[in-house]
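Coordinates in review
Chain residues, written in single-letter form:
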Amino acid sequence: MINRIVVGAHYGLKDWIAQRATAVVMAVYSVLIAAVLLVVRPATFEAWQGVFANGVIKFLTFLFFVSLFYHAWIGVRDIWMDYVKPVGVRLTLHVLTICALVGYTAWAAAILWRL
Amino acid sequence: MAEMTIKKRPKNLDLTTIRLPLPGKVSILHRVSGAGLFLCLPVILWLFGASLGSPESFATFKSVAGMLPVKVILAGLLWAFVHHFCAGIRFLLLDIHVGIEKEAARQSAAVVFAVSIPLTLILWGVLL
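What you are looking at is a predicted structure, and each value in this text was computed from that prediction instead of being measured.

Residue and element names in this part refer to chain A. The tally for this structure, following the rule as stated, stands at 12 aromatic pairs over all chains. Judged by centre distance (5.1 Å) and plane angle (70 degrees), the rings of Trp48 and Phe52 are edge-to-face. On the criterion of helical spacing, the pair formed by Trp48 and Phe52 is a turn pair, its members being four residues apart in helix α2 (residues 45-53). Judged by centre distance (5.9 Å) and plane angle (50 degrees), the ring pair of Phe69 and Tyr104 falls under tilted. Placement of Phe69 in helix α3 (residues 55-83) and of Tyr104 in helix α4 (residues 87-113) is noted, with a sequence separation of 35 residues between them.

Structural data, given as structure tokens:
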């Protein structure tokens, strides 16, 4: 008889991959936006706003923020799991983290789509 | 067999006596910088929003970003971002089994510091 223990099957892998995929998105965006700013060199408010008002930059910047918040969720969740043992406290921190990150997503969208 | 696995092993969790090797320092600073960036997200988003909102809010952004305590926070965030970026690339390479030998891993950890610290100072000079 095979006695298998099936605890926590493969839910961790999805997050592990997501953390890395979002990291790559953010790394590429960081290099890209640095290059754009180096070329455009926005010195005034109008020029600075103009960079992010561009449709492609706006889309990529929002993609960066969404990647950042998903990435942060996995990383911060790992920190709570490592250091906070009481289940109730940990669950509360998880929920608060998600609430903050969902709010930040809306905030980032509001900043970008006002342009 | 079961007895072997539950045999007591020596444990040292005293943070004052643990001496981390260089890759360990990269790792814990990756966590510390990530946590710091997460905690400062409201500050970052507020500054980003103010800089893009209107000429008035842009002026507010400039004066706030020019205050010394804010400058210190921004310098810390800049280091955190650069370290997290450099160490993150090292971890991605380790994930695809590049440089997983002990000596190579030590060297790449040294490279992370050798790149992240000067890069932080350069960006600080350019941006702040």
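After presenting the structure, the write-up continues.
The next thing to look at is the pattern of salt bridges. Tallying each qualifying case throughout the model produces four salt bridges over all chains. Here Asp15 of chain A makes a salt bridge to Arg77 of chain A, at a shortest N to O gap of 2.6 Å. Placement of the pair is Asp15 of chain A in helix α1 (residues 11-40) and Arg77 of chain A in helix α3, with a sequence separation of 62 residues. Taking relative accessible area as the criterion, Asp15 of chain A reaches 11% and is therefore assigned buried. With relative accessibility at 14%, the residue Arg77 of chain A sits in the buried group. For Asp82 of chain A, the salt bridge is made with Arg31 of chain B, and the minimal N-O distance between the two is 2.7 Å. Here Asp82 of chain A, found in helix α3, pairs with Arg31 of chain B, found in helix α2 (residues 22-39), and the two come from separate chains.

Turning next to the interface of chain B and chain A. Taken residue by residue, the interface counts 21 residues in chain B and 31 residues in chain A. Summing both partners gives a buried area of about 2,200 Å² for chain B against chain A, and 78% of it is carried by carbon and sulfur. Contact with chain A buries surface across chain B, with Arg31, Leu45 and Leu52 of chain B losing the most and accounting together for 30% of the total. Along the contact surface separating chain B from chain A lie five residue pairs in polar contact (both at pLDDT 80 or more). Going through the elements one at a time, α2, α3 (41-53), α4 (55-65) and α5 (68-95) of chain B are the ones with two or more residues in the side of chain B that touches chain A. Among the elements that line the side of chain B that touches chain A, the one with the most residues is α3 of chain B, at nine residues. Classifying every residue of the side of chain B that touches chain A gives 14 nonpolar, five polar and two charged.

A few words on the nonpolar core. The biggest cluster of nonpolar side chains holds 28 residues, and the ones touching the most others in it are Phe52, Phe65, Phe69 and Leu101 of chain A. With nine residues, α3 of chain A is the largest single contributor of residues to this core. The residues touching Phe52 of chain A, leaving out its near neighbours within four places in the chain, are Tyr29, Ile33, Ile57, Lys58, Thr61 and Leu115 of chain A together with Phe48 and Leu52 of chain B. Cys40, Val64, Ala65 and Ala80 of chain B belong to the second-largest nonpolar core, a separate cluster that totals nine residues.

For α2 of chain B, built from 18 residues, the straight-helix expectation of 26 Å at 1.5 Å per residue is met to within 8% by its first-to-last C-alpha distance of 26 Å. Buried residues of α2 of chain B: Gly24, Val26, His30, Ser33, Leu37 and Phe38 of chain B, and no others. Packed against the buried residues of α2 of chain B are α3 and α4 of chain A together with α3, α5 and α6 (102-127) of chain B.

Quick look at unusual backbone geometry now. Residue and element names in this part refer to chain A. One non-glycine residue with positive phi stands out, namely Arg41, at about 45 degrees. If you trace the backbone, Arg41 turns up in the loop between α1 and α2. Judged by its relative accessible area of 60%, Arg41 is exposed.

Caution is warranted with low-pLDDT regions, since their predicted coordinates should not be read in detail. Mean pLDDT over chain B works out to 93, with 95% of the residues at or above the 70 mark. In the predicted complex, the global pTM is 0.89; the interface-specific ipTM is 0.90.

The rules behind the values
- Residues numbered from 1 in each chain as written.
- Chains lettered and ligands numbered in written order.
- Predicted model: local features only at pLDDT ≥ 70, side-chain atom pairs only at ≥ 80, totals over all residues.
- Heavy atoms only, no water.
- Phe/Tyr/Trp six-rings, centres within 6.5 Å; stacked < 30°, edge-to-face > 60°.
- Helix = DSSP H or I, 4+ residues; strand = E, 2+ residues; numbered from the N terminus.
- Salt bridge = Lys/Arg side-chain N within 4 Å of Asp/Glu carboxyl O.
- Buried < 20%, exposed > 50% of the residue type's maximum accessible area, 1.4 Å probe, protein only.
- Contact = heavy atoms within 4.5 Å.
- Buried area = accessible area lost by both parts, 1.4 Å probe.
- Polar contact = N/O pair within 3.5 Å; in protein donor to acceptor, adjacent residues only side chain to side chain.
- Nonpolar A, V, L, I, M, F, W, Y, C, P; charged D, E, K, R; others polar.
- Core = buried A, V, L, I, M, F, W, Y, C linked by side-chain atoms within 4.5 Å.
- Expected span 1.5 Å × (residues − 1).
- pLDDT = per-residue confidence, 0-100.

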